[in-house]
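These are the residues of each chain, in order.
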Amino acid sequence: MPDRGSRSIEGLAPAGFDPGPVEVEGRWYQLTFEVDRDAALQWMPADVTRPIPCYGRLLVVDGRDSRGPLRFAALSVGGRFRMMPRNVLVETVVEGRGGVPGLPGPASEGSVTVSGDGADIVVRIARAGRGLAEARLPSPYAIDPAMLRWDGWVVFVPEGGATVLAESPVTVQAEAARLSKGAVMVPDAGLERRDPWRQLRTLLPISACIVEGRLTDWAGGGSGSDVAWVSEADAGRAHAAVLDSAHRAGRQQGEGSLQREIRHFLRDFRAAAVGPDDGV
Amino acid sequence: MPRPWGPTTEYEVYQNCLEQVKLADELGFDQVWAVEHHFLEEYSHCSAPEVFLTACAMVTKNIRIGRGIVVCVPEFNSPVKAAEVAATMDIVSGGRLEFGTGRSATWTELGGMGADPDETKKTWDEWVRVIPQMWTQERFGYQGRAFSMPQRAVLPKPLQKPHPPMWVAVTSPGTELDAADRGMGSLGLTFGGFAEQEKKIAEYRRRIKYCDPVGSFVNEQVNTVNFLFCHEDNEYGAKTGQRLAGTFNYLAEQLLAARQAYPTRSYPNLGLLPALRREATSAPEGQIPEGLCIGNPDRIVEVIKKWESVGVDRINFLLNAIETVPQEEVLASLRLFAKEVMPKFAEKPAKTAAAVGGA
């Protein structure tokens, strides 16, 4: 059975939670790159399974919302949540705004700068004055924005004093887009080993894009859609228990656990919200 | 290949597959296909299907041997080697090879091999044109875009003359039309319902009439894919079959489709994901999704007749997924199918041929 994450979600929800939508006009950058399997599992909650191979996503937003200029970098790992590919939030770094996160979940205040270096675009991310990572997008070229697709996010929101997972659909109205091949995210050399920005560094570039337009992020699940709330107690522990017992107790018991797992999967899947980005 | 992987897990699964193929041959099934996949943990550990299929040929007498498919991407295979291996398989199987082609649909594989997703359609198109020439020309030389070679005799030549039937795996929308335009068989890999398949097949039939065949003959056939679990008790058969389908879909969902990670016109959809979603949601909970060959023989006969009516020539059956169904039940399912279902289609074997697929 697929591997599941091991990150506890307790305490990951931000103190203040605005279900959105967050509507940003401006430019954003998204890098997709392969990451280490063990690192990915460490930053993924228990009710998310890992894809093969594991990949990370870096979203850098440079725009303006109703409150004014907004610039943040969100690091995520690719995961499968209710059968669908999702970006599972690891941490956002937000410039200004008093630490209010760009996406609900762990956040830090810091700086996000974007500059040109010849034909390349370079993004530098720092947390509290300390360099975290640099992303370089080599020689981007224009593409039809319709070629791009957008996965929703899995974020962390408060409910009844606890943290629960929520799906955050993303809607994009793109006016222009560029693609870059070979883009990488490199951590700062002095970063601690356990820092996610170091652990989730690029092992193999996949793709990167730069888009101009409007990005709408429904942190609360979106108007009229089923909000997929999953508490750690309900889902994560149950899944983890099923898998643990399957692995420990050998094949006979594993087959029984597998059947339960598949049944849960189909039930969840039927109930899941399907965003407009899914049916490409 | 179910985790946890013990020292003999892969051996046991391969032996199970060989036993299934041997029995299928004895029972009168027409074809066995094995995939070429790389790096797809649990989902498929079949990276050298030519070896497995050669073993199949050695333990069988009549069943057709389907190489499904050769990945026509230079980082995976050389076209010369692919032609040589296929010809050798055709010889040792006594002229039973079916030659499937494709280009991989996952970043897992393409990225792992260092292949450029933008290029795979082009290299596939080049290869399906040169391989039949290697088989039929005494000496072959070529200057192409992705592949060139000086004039050489590519040996051996296939036993089947002029060469084995050629197929293309159809996952992306429109690839069935690529198959038609090149005079190739359509090897369907998605689980669309009757109406959708009927429309695609009609267009395939229309287009292939005007094709420019890449081989020496036109292989106008539609081979689709399905799950098979046949049991006297319809409820048990359906329940077990749905467990099989659910397990397969769950594993497929973990793969990283090329389209999902890499924006390219070369892969316009998410591989299996959209089809899986339809398949899993096309029936209310507790009911069998449309078109699945699971349940008792009467129900399966009905379903196959429906597939036949929409224009399908052959059906490839997935028999198991990570050994969800015990081997004894898989074999019993094959026996019951052969006894109760096959006779209903015996009068038109070429058009209703059932098959087993190795994964």
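Since we're looking at a predicted model, the values are computed, not measured.

Colleague: Where do I start with the overall build of chain A in this structure?
Modeller: Scanning chain A for helices and strands turns up three helices and 14 strands. When the 280 residues of chain A are sorted by exposure, 57% land in the buried category. Taking the intrachain contacts of chain A between residues at least 6 apart in sequence as the baseline, contacts between residues at least 24 apart amount to 69%. Here chain A has roughly 11000 Å² of accessible surface; of this, 48% comes from carbon and sulfur atoms.

Colleague: Got a minute to help me understand helix α2 (residues 49-58) of chain B in this structure?
Modeller: Residues lying three or four places apart along an α-helix face the same way, a consequence of the helix completing one turn every 3.6 residues. Residues and elements named next belong to chain B. Among the residues making up α2, those that are buried are Pro49, Phe52, Leu53, Cys56 and Ala57. Along the axis of α2, the buried positions cluster into a sector of 145°, meaning they face one direction only. In α2, the exposed positions angled more than 90 degrees off the buried face are occupied by Val51 and Met58. Contacts made by the buried residues of α2 are with α1 (9-27), β1 (31-34), β2 (64-71) and α3 (79-92).

Colleague: Please explain a nonpolar patch on the surface as it appears in this structure.
Modeller: Together, B:Met58, B:Val59, B:Ile91, B:Val92 and B:Leu159 make up an exposed nonpolar region whose accessible area comes to about 410 Å². By secondary structure assignment, the location of B:Val92 is in helix α3.

Colleague: So what exactly am I meant to see when it comes to helix α5 (residues 120-136) of chain B here?
Modeller: The terminal C-alpha atoms of α5(B), which comprises 17 residues, lie 25 Å apart, in line with the 24 Å expected from a rise of 1.5 Å per residue. All of the buried residues along α5(B) are B:Thr120, B:Thr123, B:Trp124, B:Glu126, B:Trp127, B:Val128, B:Val130, B:Ile131, B:Pro132, B:Met134 and B:Trp135.

Colleague: Would you mind showing me how to read the nonpolar core here?
Modeller: Grouped together as the largest cluster of nonpolar side chains are 93 residues, with contacts concentrated most on B:Ile65, B:Met134, B:Leu228, B:Ile304 and B:Phe337. When sequence neighbours within four positions are dropped, the list of residues in contact with B:Ile65 reads B:Val32, B:Leu53, B:Cys56, B:Ala57, B:Thr60, B:Met89, B:Ser93, B:Arg96, B:Leu97 and B:Glu98. If you look at the next biggest cluster of nonpolar residues, it comprises 65 residues, including A:Val48, A:Leu70, A:Val77 and A:Phe81.

Colleague: How should the pattern of salt bridges be read in this particular structure?
Modeller: A side chain with one charge may pair with a side chain of the opposite charge, provided their charged atoms come close. Counted by the stated rule, this structure contains 44 salt bridges over all chains. Between A:Glu212 and A:Arg27 there is a salt bridge, with its nearest N and O atoms 2.8 Å apart. With A:Glu212 in strand β13 (residues 204-217) and A:Arg27 in strand β1 (residues 22-34), the pair connects residues that are 185 residues apart, well separated along the chain. Taking the relative accessible area as the measure of exposure, A:Glu212 reaches 29% and is therefore partly exposed. A salt bridge links B:Glu41 to A:Arg50; its shortest N-O distance comes to 2.6 Å. On the criterion of chain membership, the pair formed by B:Glu41 in the loop between β1 and α2 and A:Arg50 in the loop between α1 (37-42) and β2 (55-65) is interchain, its members lying in two chains. Judged by its relative accessible area of 4%, A:Arg50 falls in the buried class. Three or more residues joined by partner-sharing salt bridges are found here, namely A:Asp3, A:Arg37, A:Asp38, A:Arg50, B:Arg3, B:Glu41 and B:Glu42.

Colleague: Please clarify how the environment of B:Arg103 should be interpreted in this entry.
Modeller: Residues and elements named next belong to chain B. The residue Arg103 is located in the loop between β3 (97-102) and α4 (107-113) in this model. Residues Arg103 and Thr54 lie 49 residues apart in sequence; the distance between their C-alpha atoms is 22 Å. Among all residues touching Arg103, those that are not within four sequence positions of it are Ile69, Val71, Cys72, Val73, Leu110, Thr120, Lys121, Trp124, Ser172, Ser266 and Tyr267. For Arg103, the side chain forms a polar contact with the side chain of Thr120, separated by 3.1 Å. In this structure the side chain of Arg103 is engaged in a polar contact, spanning 2.7 Å, whose partner is the backbone oxygen of Ser266.

The rules behind each value
Residues numbered from 1 in each chain as written. Chains lettered and ligands numbered in written order. Predicted model: local features only at pLDDT ≥ 70, side-chain atom pairs only at ≥ 80, totals over all residues. Heavy atoms only, no water. Helix = DSSP H or I, 4+ residues; strand = E, 2+ residues; numbered from the N terminus. Buried < 20%, exposed > 50% of the residue type's maximum accessible area, 1.4 Å probe, protein only. Contact = heavy atoms within 4.5 Å. Areas by Shrake-Rupley, 256 points an atom, 1.4 Å probe, with all protein chains shown as cover. Arc of directions from axis to C-beta. Patch = residues over 30% accessible without salt bridge, like charges linked within 9 Å, V, L, I, M, F, W, Y side chains within 5 Å. Salt bridge = Lys/Arg side-chain N within 4 Å of Asp/Glu carboxyl O. Expected span 1.5 Å × (residues − 1). Core = buried A, V, L, I, M, F, W, Y, C linked by side-chain atoms within 4.5 Å. Polar contact = N/O pair within 3.5 Å; in protein donor to acceptor, adjacent residues only side chain to side chain.

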